[in-house]
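Fold and contact review
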Amino acid sequence: MKKGWVKKVGIIIIILIVMQFIGINKQVPTIEPAMDFMAVETPQAHIQKLIKNTCYDCHSYETQYPSYSNIAPISWVIGNHIKEGRKYLNFSIWDSYSDEIKRDILYKSYKQTGARLMPPYTYVMMHQEAKIPNNELKKLYTWFKERSTYYDKQLTK
Ligand code: HEC
């Protein structure tokens, strides 16, 4: 009885160790500064800071990995978030998007940040600096909305 318990724990430990060898791919292509969201949209400094602090870890090639991102299976969850996040929206390649896509992403960002759906709350739990105060939140989503309207006007010209 007692021995069986030890064996199970042993197996779990071995599995956890083996899992550590399956890392996540942190490699990114060369970043082209001219393609970056900040270079194209030139938001005011405080908006820039908000977006960099709260979105860039998942939606750009400039991810800052926390130390626990090296521990499987947490690393896999984080890696997957980043992969999914970049697939939909990558601020590092912003200028490769058409005006229509830019407009749609900006509009969705307005909606998502306004409803506090982005950044995801699990991320905010782990990153205090990503917690957007209410007064800042309004400035951020209003800015996203304005930029979306700008592209909308360009498209309907
Ligand atoms: C922890 C990683 C993470 C952070 C930080 C993050 N996102 Fe996301 N975001 C995702 C993932 C994953 C998806 C795709 C799946 C989903 O919609 O939940 C996504 C989807 C989106 C979408 C598309 C939603 C839709 O329904 O089509 C928008 C817009 C977006 N994010 C904007 C932002 C903005 C703006 C910020 C910063 C204020 C941000 N995200 C921060 C991970 C993140």
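That block above? That's the structure.
Residues numbered from 1 in each chain as written. Predicted model: local features only at pLDDT ≥ 70, side-chain atom pairs only at ≥ 80, totals over all residues.

Comments concerning the overall build of the protein chain
What the protein chain contains, in helices and strands, is seven helices and zero strands. Along the protein chain, helices (α) and strands (β) appear in the sequence α-α-α-α-α-α-α when read from the amino end. In terms of C-alpha radius of gyration, the protein chain reaches 20 Å, well past the compact-globule figure of 15 Å for 157 residues. In terms of principal-axis extent, the alpha carbons of the protein chain reach across some 75 × 35 × 25 Å. A total of 157 residues make up the protein chain; the buried ones form 22% of that total. (Helix = DSSP H or I, 4+ residues; strand = E, 2+ residues; numbered from the N terminus. Rg over C-alpha atoms; globule rule 2.2 N^0.38 Å. Buried ≥ 20, exposed ≤ 12 C-beta atoms within 10 Å, placed from the backbone.)

Focus: the site of the ligand
Around the ligand, 19 residues are found, and the nearest of them are C55, C58, G85, K108 and M118. Elements supplying a minimum of two residues to the shell around the ligand: α4 (74-88) and α5 (99-114). Its residues assigned to classes, the shell around the ligand comprises nine nonpolar, seven polar and three charged. (Near = placed C-beta within 6 Å. Nonpolar A, V, L, I, M, F, W, Y, C, P; charged D, E, K, R; others polar.)

Points about α5
For α5, with 16 residues, the first-to-last C-alpha span of 22 Å sits near the 22 Å given by 1.5 Å per residue. Where α5 is concerned, the buried positions are K102, R103, I105, L106, S109, Y110 and T113. Next to the buried residues of α5 lie α7 (134-156). Following α5 by one or two positions, R116 has its phi on the positive side, about 55°. (Expected span 1.5 Å × (residues − 1). Contact = placed C-beta atoms within 7 Å.)

Digging into helix α3 (residues 45-54)
Regarding α3, the residues found buried are L50, I51 and T54. For α3, the buried positions fall inside an angular range of 90° around the axis, keeping them on one side. Where the residues of α3 are buried, they touch α7. (Arc of directions from axis to C-beta.)

Observations regarding the packing of α5 against α7
Between α5 and α7, whose axes approach to 8 Å, the crossing angle comes to 155°. Regarding the angle of α5 to α7, the classification is roughly antiparallel. By crossing handedness, the relation of α5 to α7 is classed as left-handed. Packed against α5, whose contacting residues are D99, E100, K102, R103, L106, Y107, S109, Y110, T113 and G114, the element α7 presents L137, L140, Y141, F144, K145, R147, S148, Y151, D152, Q154 and L155 at the interface. Each residue belonging to the contact of α5 with α7 can be placed in one class, and the counts come to nine nonpolar, five polar and seven charged. (Axes fitted to C-alpha atoms, helices over the stretch in contact; angles between N-to-C directions. Parallel < 35°, antiparallel > 145°, perpendicular 65-115°, else oblique. Left-handed = near helix turned anticlockwise from the far one by under 90°.)

Focus on the environment of R116
Position of R116 among the secondary structure elements: in the loop between α5 and α6 (121-126). For the pair R116 and K7, spaced 109 residues apart in sequence, the C-alpha to C-alpha distance is 46 Å.

Brief notes about the nonpolar core
By size, the foremost hydrophobic cluster in this structure holds 17 residues, and its most contacted members are L50, C55, F91, L106, L140 and F144. Looking at this core, the elements with two or more residues in it are α3, α4, α5 and α7. Those residues in contact with C55 that lie beyond four places of it in its chain are F91 and P119. (Core = buried A, V, L, I, M, F, W, Y, C linked by C-beta atoms within 7 Å.)

Functional significance is not addressed by these values, which are geometric in nature.
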